[in-house]
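# Examining the three-dimensional arrangement
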Amino acid sequence: MKNSLIQKYNVPGPRYTSYPTVPYWDETDFSDEIWAETLKKSFIESNTSEGISLYIHLPFCESLCTFCGCNKRITKNHGVENPYIEAVLKEWTLYCKILGEKPIIKEIHLGGGTPTFFSTKNLEDLINGIFSHANKAKDYEFSFEGHPNNTSHEHLQKLYDLGFRRVSFGVQDYSEKVQKAIHRLQPFHNVAKVTFWAREIGYTSIGHDIIFGLPFQEIEDVIDTIEKTKSLQPARLAFYSYAHVPWIKGNGQRGFNDEDIPKDDKKRMLYETGKKLLYENGYHEIGMDHFALETDSLYKAFKDGTLHRNFMGYSSSKTQLMIGLGVSSISDSWYSFAQNVKNLEDYYQILEWNKLPVFRGHLLTDEDLIIRKHILNLMCQFETSWKNKEGYFNEIPDVLIQLKEMENDGLVIIKNNSIVVTEKGKPYVRNICMAFDLRLKRKAPETELFSMTI
């Protein structure tokens with residue numbers, strides 16, 4: 001039965017860091033003026049009560065990892081750092097002019113690319129530049145992604161001094177054969193070193209990112225990776241499914257063939273094996289692909305019902321407004337989305353014109369806002385309801401028909417005006433969310449857009 005379920009539900013589908021998903025944004029009703037309008041509205045509604053979040057995209061990497069689907073620029077020339085920091089701070093200044101008063105920043109996340117490509121001096125200038133126009137919330141939470149091969153003790157200390165308490169290290173897999181295939185040679189010693197340094201300095205949440213379904217990956221590799229991970233005791237773990245999307249322009253996914261990638265039943269067995277080991281070692285599943293120890297804030301947020309998910313991933317706190325800075329970053333005012341240009345030279349040029357480097361966006365409809373809440377609930381709490389009129393929409397009966405089949409397969413339990421994802425259904429949460437995705441249903445993709453769900 002399990003094997004037939006995998007074959008049945010292993011279809012292309014979104015990861016739902018947003019709804020509507022980016023390929024389904026309606027750009028016809030979007031404009032720079034609408035973006036500024038919804039930005040100010042959201043800021044007025046939420047700045048003093050909860051603060052705002054900043055995602056800062058730092059795109060540079062010294063070498064190409066061939067599993068990566070992120071927007072990046074490969075270079076060993078560190079002369080690119082200063083111009084980029086200056087551009088990001090100029091973009092932030094433009095946003096602050098629109099907002100009209102000092103933002104209160106609750107969250108900052110430095111993503112990439114490789115944030116630790118940048119020198120400690122430039123990272124310090126970046127954060128200090130941000131706070132020359134803003135204040136910190138009392139319960140702020142700053143985090144960054146670190147590459148174990150180039151994160152120095154100085155990086156960790158300086159970012160800690162600047163208020164960062166969370167760090168996640170990209171591990172992927174410890175098998176040398178897998179590492180060669182994805183061009184990410186990274187010995188266990190390097191990961192252990194930066195993990196111990198971070199703990200010694202005082203970071204309160206250390207995370208590791210590992211991936212199943214990588215080329216040449218075997219069950220033994222997953223077991224070995226998780227055994228090594230267990231010895232370092234990171235507080236939280238992202239156990240991602242490898243997203244094979246080689247059709248995306250600029251994607252680094254090469255250096256191996258399609259037949260080298262574990263698929264269907266074999267890929268699911270990699271996940272089931274890893275998940276079992278994580279459970280045995282005290283990790284709890286708190287959302288799609290994410291696990292945490294009971295001591296971590298992510299687990300506590302899951303238990304309290306306050307877990308949130310946005311373009312930065314899972315967060316233990318929610319802000320209504322998230323501003324993305326840097327090339328390709330996505331911003332979310334709750335009422336609309338806006339994405340920056342993806343090309344670095346275009347990004348610099350538009351900022352020279354004293355304009356926000358936004359090139360597309362989406363104004364959420366009333367229906368979008370209802371569906372968005374259901375998908376957030378499923379992704380963060382594995383359940384949702386339409387008991388109140390705010391949660392009801394006209395297509396609920398059609399959704400229930402699709403969910404009924406999933407209930408027959410043991411993936412969900414349908415109650416009066418609500419559904420709950422079962423333990424068996426958690427690996428299929430993307431499919432369950434797709435039952436609510438009205439935009440996807442109304443217009444099936446004509447080209448390859450999404451990775452496989454399983």
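Residues numbered from 1 in each chain as written. Predicted model: local features only at pLDDT ≥ 70, side-chain atom pairs only at ≥ 80, totals over all residues. Heavy atoms only, no water.

In the annotation of an unreviewed UniProt entry, the protein is listed under the name Coproporphyrinogen-III oxidase and assigned to Flavobacterium algoritolerans. Of the protein, the UniProt comment under Sequence similarities (unreviewed entry) reads exactly: "Belongs to the anaerobic coproporphyrinogen-III oxidase family." Regarding the protein, the UniProt comment filed under Pathway (unreviewed entry) reads as follows: "Porphyrin-containing compound metabolism; protoporphyrin-IX biosynthesis; protoporphyrinogen-IX from coproporphyrinogen-III (AdoMet route): step 1/1." (UniProt positions renumbered as here; feature names shortened; annotations may be inferred.)

The next subject is the overall build of the protein. Per the secondary structure count, the protein includes 15 helices and 19 strands. Here the C-alpha atoms of the protein give a radius of gyration of 21 Å, agreeing with the 22 Å that 2.2 N^0.38 yields for 454 residues. Out of the 454 residues in the protein, the part that is buried amounts to 58%. For the protein, restricting intrachain contacts to residue pairs at least 6 apart in sequence, the fraction spanning at least 24 positions comes to 74%. (Helix = DSSP H or I, 4+ residues; strand = E, 2+ residues; numbered from the N terminus. Rg over C-alpha atoms; globule rule 2.2 N^0.38 Å. Buried < 20%, exposed > 50% of the residue type's maximum accessible area, 1.4 Å probe, protein only. Contact = heavy atoms within 4.5 Å.)

Moving on: the environment of leucine 237. Here leucine 237 lies in strand β8 (residues 236–241). What makes leucine 237 buried here is its relative accessible area of 1%. Along the backbone, leucine 237 and serine 168 are 69 residues apart, and their C-alpha atoms lie at a distance of 8.6 Å. Once residues within four sequence positions are removed from consideration, leucine 237 is found in contact with His208, Ile210, Thr229, Leu278, Tyr283, Asp289, His290 and Phe291.

Summary: where empty space remains is shown by rolling a probe the size of a single water molecule over the atoms. Across all of its chains, the model carries four cavities of 30 Å³ or more by this definition. By volume, the second largest cavity is sized at about 70 Å³. Tallying contributions element by element places helix α12 (residues 366–381) first for the lining of the second largest cavity, with four residues. (1 Å grid on protein atoms, 1.4 Å probe; cavity = no way out; pocket = protein on both sides within 12 Å on 5 of 7 lines; lining within 4 Å. Points joined across faces, edges and corners; volume = space filled by probe spheres on them.)

Where strand β17 (residues 383–385) and strand β19 (residues 418–421) come together, three bridges link them in antiparallel fashion. Paired with glutamate 383 across the two strands is valine 420, which belongs to β19. Strand direction decides the pairing type here: strand β18 (residues 412–415) and β19, joined by four bridges, are antiparallel. Paired with lysine 415 across the two strands is serine 418, which belongs to β19. Counting the residues between successive antiparallel strands, the hairpin from β18 to β19 contains two residues, one of them, asparagine 417, with a positive phi of roughly 65°. (Pairing = 2+ DSSP bridges.)

Once that is clear, we can look at the pattern of salt bridges. This structure, assessed with the given rule, holds 23 salt bridges. Among the salt bridges present, the one from glutamate 345 reaches arginine 73, with a minimum N-O distance of 3.0 Å. Taken together, the positions of glutamate 345 in helix α11 (residues 344–352) and arginine 73 in strand β3 (residues 73–74) put the pair 272 residues apart, joining distant regions of the chain. The exposure class of arginine 73 is partly exposed, given its relative accessible area of 30%. Residue aspartate 368 pairs with arginine 439 through a salt bridge whose shortest N-O separation is 3.0 Å. Here aspartate 368 is found in helix α12, whereas its partner arginine 439 is found in helix α15 (residues 438–442), with 71 residues between them in sequence. One connected set of salt bridges, linked through shared partners, spans Lys275, Glu285, Glu423 and Lys426. (Salt bridge = Lys/Arg side-chain N within 4 Å of Asp/Glu carboxyl O.)

Tyrosine 19 connects to proline 20 through a cis peptide bond whose omega is -5°. Note that proline 20 resides in the loop between α1 (2–9) and α2 (32–50). Residue glycine 113 is bonded to the preceding glycine 112 through a cis peptide linkage, with omega at 20°. Within the secondary structure layout, glycine 113 lies in the loop between β4 (104–112) and α4 (120–131). The phi dihedral of asparagine 417 is positive, around 65°, even though this residue is not glycine. Its relative accessible area of 40% is what places asparagine 417 among the partly exposed residues.

Look at helix α3 (residues 81–99) against α4: their axes get within 10 Å of each other, and the N-to-C directions meet at 10°. Accordingly, the angle class assigned to the pair α3 and α4 is roughly parallel. On the side of α3, the interface is formed by Glu81, Asn82, Ile85, Val88, Leu89 and Trp92, while α4 contributes Asn122, Asp125, Leu126, Gly129 and Ile130. Residue classes in the contact of α3 with α4 are distributed as six nonpolar, three polar and two charged. (Axes fitted to C-alpha atoms, helices over the stretch in contact; angles between N-to-C directions. Parallel < 35°, antiparallel > 145°, perpendicular 65-115°, else oblique. Nonpolar A, V, L, I, M, F, W, Y, C, P; charged D, E, K, R; others polar.)

Quick look at the sheet that holds β17 now. Sheet architecture is open: three strands sit in the order β17-β19-β18, paired in antiparallel fashion. In this open sheet, the two strands that pair with only one neighbour each are β17 and β18. Across the sheet, the mean angle separating the axes of adjacent strands is 10° when strand polarity is ignored. Strands β17 and β19 of the sheet are contacted by α12, whose axis makes an angle of about 150° with β17. Set on the sheet, helix α13 (residues 396–408) makes contact with β18 and β19; between it and β18 the angle comes to about 130°.

Our focus in this paragraph is the packing of aromatic side chains. Under the definition given, this model contains 25 aromatic pairs. For the ring pair phenylalanine 60 and tyrosine 84, a centre distance of 5.5 Å and an interplane angle of 80° mean the geometry is edge-to-face. Taken together, the residues phenylalanine 60 in strand β2 (residues 60–61) and tyrosine 84 in helix α3 connect sequence positions 24 residues apart. Judged by its relative accessible area of 1%, phenylalanine 60 falls in the buried class. Overall, the relative accessible area of 0% leaves tyrosine 84 in the buried class. Arranged with centres 6.1 Å apart and planes meeting at 50°, the rings of tyrosine 347 and tyrosine 348 form a pair that is tilted. Here tyrosine 348 falls in the partly exposed class, since its relative accessible area comes to 25%. Against the face of tyrosine 335 rests lysine 41, its NZ or CZ located 4.0 Å from the ring centre. (Phe/Tyr/Trp six-rings, centres within 6.5 Å; stacked < 30°, edge-to-face > 60°. Lys NZ or Arg CZ within 6 Å of the ring centre and 35° of its normal.)

Turning next to the nonpolar core. If you look at the biggest cluster of nonpolar residues, it comprises 56 residues, and the most contacted ones within it are Trp92 and Leu110. With 10 residues, α3 is the single largest residue contributor to this core. With sequence-adjacent residues up to four places away left out, leucine 110 is seen in contact with Ile56, Leu58, Pro115, Leu123, Leu126, Ile127, Ser143, Phe144, Glu145, Leu159 and Phe164. (Core = buried A, V, L, I, M, F, W, Y, C linked by side-chain atoms within 4.5 Å.)

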